[in-house]
Amino acid sequence: MNNPAFNQVSVSSSALLGGYTTNNKGKLSLSSTAFMVPHPDKATKGGEDALMISPNGNIVGVADGVGGWADQGVNPSLYSQSLMENAFKVSSYCDEPMAVMYLAYKTTERMKVKGSSTCCILSLKGNMLYSANLGDSGFAVLRDGKIVHKSTPQQHKFNFPYQLGTNSNERPQDSDVRSFKVREGDLIVLASDGFWDNVWTDPKKPSCLTNLIKGKKDERDVARTLAKAAFNITRSKDDIETPFSAHYGETWAKTDDITVVVSRVTSKTARVMVKSLSEAASELNPKSPPRPVVRNSNKVQSTSTSSSSSSSRRLVSKGTNISNTKGKPNTIATKPAPCVKSPSSSSAPVKRWRI
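Below, the structure is looked at part by part. These numbers were taken from a predicted model, which means no experiment stands behind them.

**A short note on the environment of valine 100**
Here's step 1: Topologically, valine 100 is positioned in helix 3 (residues 97-110).
Here's step 2: Classification of valine 100 as buried rests on a relative accessible area of 0%.
Here's step 3: Considered as a pair, valine 100 and proline 172 are 72 residues apart in the sequence and their alpha carbons are 9.2 Å apart.
Here's step 4: Beyond its immediate chain neighbours, meaning those up to four positions away, valine 100 contacts Ala87, Val90, Cys94 and Ile121.

**What to know about the packing of aromatic side chains**
Here's step 1: Enumeration according to the criterion identifies six aromatic pairs in this entry.
Here's step 2: Seen from their ring centres, phenylalanine 158 and phenylalanine 244 are 4.9 Å apart, and the 40° between their planes marks the pair as tilted. Separated by 86 residues along the polypeptide, phenylalanine 158 in the loop between strand 9 (155-157) and strand 10 (160-161) and phenylalanine 244 in helix 7 (residues 243-246) bring together distant segments of the chain.
Here's step 3: For the pair phenylalanine 195 and tryptophan 196, a centre-to-centre distance of 5.0 Å together with 85° between the ring planes defines the contact as edge-to-face.
Here's step 4: The buried category is assigned to phenylalanine 195, whose relative accessible area is 0%.
Here's step 5: For tryptophan 196, a relative accessible area of 13% gives the class buried.
Here's step 6: Site record: aromatic cluster; members linked through ring pairs are Phe158, Phe244, Tyr248 and Trp252.

**Description of the side chain of serine 175**
Here's step 1: Tracing the chain through its elements places serine 175 in the loop between strand 11 (164-165) and strand 12 (176-181).
Here's step 2: Of the residues examined, serine 175 reaches a relative accessible area of 0% and is grouped as buried.
Here's step 3: Side-chain polar atoms of serine 175 contact the backbone oxygen of proline 172, separated by 2.7 Å.

**Some thoughts on the pattern of salt bridges**
Here's step 1: Under the criterion given, the structure shown has 15 salt bridges.
Here's step 2: In this structure, lysine 125 and aspartate 95 form a salt bridge, with 3.7 Å as the shortest nitrogen-oxygen distance. Here lysine 125 is found in strand 5 (residues 116-125), whereas its partner aspartate 95 is found in the loop between helix 2 (77-90) and helix 3, with 30 residues between them in sequence.
Here's step 3: For lysine 125, a relative accessible area of 23% corresponds to the partly exposed category.
Here's step 4: It is possible to trace a salt-bridge network through shared partners that takes in Lys42, Glu48, Asp193, Asp197, Lys254 and Asp256.

**Thoughts on the nonpolar core**
Here's step 1: By size, the foremost hydrophobic cluster in this structure holds 25 residues, and its most contacted members are Leu83, Met84, Ala87, Met101, Cys119, Ile121 and Leu164.
Here's step 2: Elements with a contribution of two residues or more to this core: strand 3 (49-53), strand 4 (59-65), helix 2, helix 3, strand 5 and strand 6 (128-134).
Here's step 3: With residues up to four places along the chain from it excluded, the contact list for isoleucine 121 reads Ile59, Val60, Gly61, Ala87, Pro97, Val100, Met101, Tyr130, Ser131 and Ala132.
Here's step 4: Of all hydrophobic cores here, the second largest spans 21 residues; its members include Val62, Leu129, Phe180 and Val272.

**Describing the state of the cysteines**
Here's step 1: Throughout the structure, instances matching the rule amount to zero disulfides.
Here's step 2: Left without a disulfide partner, cysteine 120 is nearest to the cysteine sulfur of cysteine 119, which lies 7.3 Å away.
Here's step 3: You can call cysteine 120 buried: its relative accessible area is 0%.

**Here we look at helix 3**
Think of an α-helix as 3.6 residues a turn; residues three or four steps apart then line up on the same face.
Here's step 1: Over its 14 residues, helix 3 runs 20 Å from end to end, which matches the ideal 20 Å to within 8%, given 1.5 Å per residue.
Here's step 2: Judged by how many residues are buried, helix 3 sits mostly within the fold: 10 of 14 residues are covered.
Here's step 3: Among the residues of helix 3, Pro97, Ala99, Val100, Met101, Tyr102, Leu103, Ala104, Tyr105, Lys106 and Thr108 are the ones counted as buried.
Here's step 4: The elements touched by buried residues of helix 3 are helix 2, strand 5, strand 6 and strand 11.
Here's step 5: Just downstream of helix 3, lysine 112 is the residue with a positive phi angle, here 60°.

Calculation rules
Residues numbered from 1 in each chain as written. Predicted model: local features only at pLDDT ≥ 70, side-chain atom pairs only at ≥ 80, totals over all residues. Heavy atoms only, no water. Helix = DSSP H or I, 4+ residues; strand = E, 2+ residues; numbered from the N terminus. Buried < 20%, exposed > 50% of the residue type's maximum accessible area, 1.4 Å probe, protein only. Contact = heavy atoms within 4.5 Å. Phe/Tyr/Trp six-rings, centres within 6.5 Å; stacked < 30°, edge-to-face > 60°. Polar contact = N/O pair within 3.5 Å; in protein donor to acceptor, adjacent residues only side chain to side chain. Salt bridge = Lys/Arg side-chain N within 4 Å of Asp/Glu carboxyl O. Core = buried A, V, L, I, M, F, W, Y, C linked by side-chain atoms within 4.5 Å. Disulfide = S-S within 2.5 Å. Expected span 1.5 Å × (residues − 1).

Here it is, written out as structure tokens:
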């Protein structure tokens, strides 16, 4: 039988269908639900975000293709999707986040995929959550309705994130690597910048993450609520102060691809559920018919206007002289961090298959 995780929880928003469940026999694991909703101008191409969830469900990752590549005729989604596809393959035998990122990055490099992407990978091992974050995607850990741990964006300057890929000086070793002790019932929100640029982590703000999901504990409800909230904020005609617009001292929302993965730490049956592009669109906006799903082409369609948007993130130009604020050398290590084989998922009962 084909591995269910790759077919359903793969790298393209146009291929995310179905889900599966596993019995973790009392050990802590992640039960996850994900939503991917693209920028309206990028919907026919499936957006530029990508995600992956490992075969055993305990490693999750998000990558966000840098939109500036559209100016050079390169589809920004190709790199992020390739990176997550390779990360998924690596996650079947390696559970160190930075090592997963490194091996996925090197494979993508050998494939000569043009473009660049941010990347954030999380791994649960026992009661410890390990993370490697490069760029401005990120995550937060919620406990009892409060944020108890969160990542810090990596940017050279505003809207110019650290990124892996063509012409970039950054390497996986430049990631912000952390560990955090989690408890059963904790919720982990992993998302691309299209979410974090519109949803606050400051509890004093009405659209704060914790205020939006008050009273909700099930990861499916939380994921749906957060995706819908971010979706509605980007389409609001009201003056809304968002983390992105606050940088300019203004009040407006940033329209972008939105990817949200919500994982609950549990010792009971774990689920992995991903909403496809058409499912997410119809569920979050029932009045509108589902958008057609079209596979990504090698070139950006001429009708796309995303590259001209003032909020489109900038890419690294060859020879860019920007100092590494973390002070780490921009060199590739001779070998990645050690990997530990993940438990096999071949015996996991499949509850749902492709839709």
